[in-house]
Amino acid sequence: MRKTTTALADGRELIYFDDTAPYADGSATRELRDNRTLDAVASTGTMRYDVLTGEWVTLASHRNARTFQPAAAECPLCPTRPGLPATEIPGDYDVAVFENRFPSFASGVAEPGADHLDGEPLWPQRAAAGRCEVVCFTSDHDVDFARLPVSRVRTVLGALVDRTRALSASPGVAQVFCFENRGAEIGVTLDHPHGQIYAYPTVTPRTEALLRQSRAHRARTGGNLLRDVMDAERRAGTRMVFEGEHWCAYVPAAARWPVELHVAPLRDVADLTELTDPELEELAGVYVDVLGRLDRYFDGVERLPYIAGWHQAPVGDGRELGRLYLQVFSLMRSPHRMKYLAGSESAMGAWISDAAPESIAARLRDVAPGRSAS
């Protein structure tokens, strides 16, 4: 894999990760130039502390102007083509990563004029500092991540490792989250196969909750909570989907989503940067396997909408309690019917699941490659 770093017309960083000729030797990318005339990105995001929950809420109203479901010929993630509008990526590529033009978090964001909103001590505020990147899995607009060759998935994983390492070393970054949203039902605004990376200035609420539970578990048992959960799932077996040399996949005992799967390394690692080459090689095949099962999960649904996100340990405090895993889930509860987060979930945070975790696991085993999906 070859890494080539350049810049877009407004100064945002663009990075190519290439694995095939003529890109892998650099000849196809070193002369590419973004000839657009663009104003510098102006991010005005701020964060306000919600004293009722203890969570930071990010306000990013500038994102309302972001591109929304353009025609395929106007896709900003496709390579620039003669006779078509210029795009974010000036030439063909294997995998490309660039700074988001409409970031929720960005470097150089000005701090608010005061540490507290309206001068009230109940409402601390701060700049939404950090970084948001877009990861284009392929230059082919019509190929889903699930249908990429395993070799290309390995390149994508290499890009995520690279960006996790770089962003984790950036000043002020507390946690790095790599994820993909697929499907209009999820809220995807660009159909081109892509994911995103968020470098947060604070540890996210989900991770804060996990750290609280992990600290209590360690004080009580001396163990690592995520490791002990995985080992318990392997012992029970009823929710296991598969197990390989380096990875396993299971439906969590208290799964919240109609379709949900956790993919975890058998060895304790904090984040993607700690994976070995053999672990990454196996993971590339496992990833394709998992996403293929999702697309066979419901009869009559060829493209299941999903969210796939890498839960990684924080950069600083609490890192020793974290453990890498991939969470893949879908909001589809039956063919073409979505689970909406209504009163109980949205207002009270009291989750009500639509499917038994054991039945989800059984179905995911039934739709393994080479088995009938009936």
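Residues numbered from 1 in each chain as written. Predicted model: local features only at pLDDT ≥ 70, side-chain atom pairs only at ≥ 80, totals over all residues. Heavy atoms only, no water.

## Observations regarding the sheet that holds strand E9 (residues 194-200)
Test applied: One requirement defines pairing of two strands: DSSP has to find at least two bridges between them. The numbering of helices and of strands both runs from the N terminus, where a helix is a DSSP run of H or I of at least 4 residues and a strand a run of E of at least 2. Helix axes are fitted only over the stretch in contact, all axes being lines through C-alpha atoms; the angle between N-to-C directions runs from 0 to 180 degrees. We call two residues in contact whenever any of their non-hydrogen atoms come within 4.5 Å of each other.
Taking strand neighbours across the sheet as the criterion, the 11 strands line up as E1-E2-E5-E7-E9-E8-E13-E14-E12-E11-E10 in an open arrangement whose pairing is antiparallel. One side of each edge strand has no neighbouring strand; the edge strands of this open sheet are strand E1 (2-7) and strand E10 (240-243). Sheet twist, expressed as the average angle between the axes of neighbouring strands with direction ignored, equals 15°. Both strand E11 (residues 247-250) and strand E12 (residues 259-265) contribute to a ladder of four bridges, which runs antiparallel. Looking across to E12, one finds that Trp247 is bridged to Pro265. Most of the contacts of helix H4 (residues 277-295) go to strand E13 (residues 306-311), to which it runs at about 155°, and overall it touches strand E8 (175-182), E10, E11, E12, E13 and strand E14 (325-330).

## Comments concerning unusual backbone geometry
Both trends apply: most residues other than glycine have a negative phi, and most peptide bonds are in trans. Filter applied, for reference: Only protein chains enter the accessibility calculation, which uses a 1.4 Å probe; a residue whose area is less than 20% of its type maximum is buried, one above 50% is exposed, and one in between is partly exposed.
Residue Ala21 is joined to Pro22 through a cis peptide bond whose omega torsion reads 0°. Tracing the sequence through the fold places Pro22 in the loop between strand E2 (13-18) and strand E3 (46-50). In this model, Gln69 sits at a positive phi of 45°, which is unusual for a non-glycine residue. Mapped onto the secondary structure, Gln69 falls in the loop between strand E4 (55-59) and strand E5 (95-99). Judged by its relative accessible area of 43%, Gln69 is partly exposed. The backbone of Asp118 sits at a positive phi, close to 55°, despite the residue not being glycine.

## What about helix H3 (residues 225-236)?
The criterion, for reference: Helix span, expected: 1.5 Å multiplied by one less than the number of residues in the helix. As used in this structure description, the phrase polar contact means that two N or O atoms lie within 3.5 Å; if the pair is within protein, one of them must be able to donate a hydrogen and the other to accept it, and residues adjacent in sequence are counted only when both atoms belong to side chains.
Compared with an ideal rise of 1.5 Å per residue, which puts 12 residues at 16 Å, H3 spans 16 Å between its outermost C-alpha atoms and is within 8% of the ideal. Considered for burial, the residues of H3 that qualify are Leu225, Leu226, Met230, Asp231 and Glu233. Next to the buried residues of H3 lie helix H2 (205-221), E10, E11, E12 and E14. Residue Asn224 occupies the N-cap position of H3, its side-chain oxygen lying 3.1 Å from the main-chain nitrogen of Leu226. Residue Gly237 follows H3 closely and has a positive phi angle near 80°.

## A word on a nonpolar patch on the surface
Rule in force here: Residues with no salt bridge and a relative accessible area higher than 30% make up the patches, which join like charges within 9 Å and nonpolar side chains (Val, Leu, Ile, Met, Phe, Trp, Tyr) within 5 Å. Only the protein chains shown count as covering a residue, and every accessible area follows the Shrake-Rupley method with a 1.4 Å probe. By convention in these notes, a salt bridge is any Lys or Arg side-chain nitrogen within 4 Å of a carboxyl oxygen on Asp or Glu.
Taken together, the side chains of Val51, Leu52, Leu122 and Trp123 define a hydrophobic patch exposed on the protein surface, amounting to about 430 Å² of accessible area. Here Leu122 shows up in the loop between E5 and strand E6 (125-127).

## Examining H2
The condition is simple: This arc corresponds to the set of directions leading from the helix axis out to the C-beta atoms.
Here H2 spans 24 Å end to end across 17 residues, near enough to the 24 Å set by a 1.5 Å rise per residue. Of the positions making up H2, those classed as buried are Thr207, Leu211, Ser214 and His217. Viewed end-on, H2 has its buried residues packed into an arc of 130°, placing them on one side of the element. Away from the buried face of H2 by more than 90 degrees, exposed residues Arg212, Gln213, Ala219 and Arg220 are located. The inward-facing, buried residues of H2 contact E8 and H3. Where H2 terminates, the next one or two residues include Gly222, which has phi positive at roughly 85°.

## Some thoughts on the packing of aromatic side chains
Any two aromatic rings considered together are summarised by their centre-to-centre distance and by the angle between their planes. This is how the line gets drawn: The aromatic pairing rule takes the rings of Phe, Tyr and Trp, using the six-membered ring of Trp, and pairs them if the centres are within 6.5 Å, calling planes under 30 degrees apart stacked, those over 60 edge-to-face and the rest tilted. For a lysine, the NZ atom is tested; for an arginine, the CZ atom; a charge sits over a ring if that atom is within 6 Å of the ring centre and within 35 degrees of the ring normal.
If you walk through the whole model with that rule in mind, you get 13 aromatic pairs. Arranged with centres 5.7 Å apart and planes meeting at 70°, the rings of Tyr198 and Tyr200 form a pair that is edge-to-face. For the pair Tyr198 and Tyr200, a shared accessibility class is recorded, and that class is buried. Site record: aromatic cluster; members linked through ring pairs are Phe105, Phe177, Phe179, Tyr198 and Tyr200. Positioned above the aromatic ring of Trp56, the side-chain terminus of Arg126 is 5.5 Å from the ring centre.

## A look at the pairing of E11
Across a regular strand the side chains alternate sides, sitting on one face of the sheet and then on the other. Burial along E11 is two-sided: Trp247 and Ala249 and Cys248 and Tyr250, pointing in opposite directions, are all buried. As defined by bridge partners, E10 adjoins E11 across three bridges and the pair is classed as antiparallel. Residue pairing across strands places Phe242 opposite Ala249, the latter belonging to E11. In this structure, the hairpin formed by E10 and E11 is closed by a connection of three residues.

Don't take any of this as a statement about function, it's just geometry.
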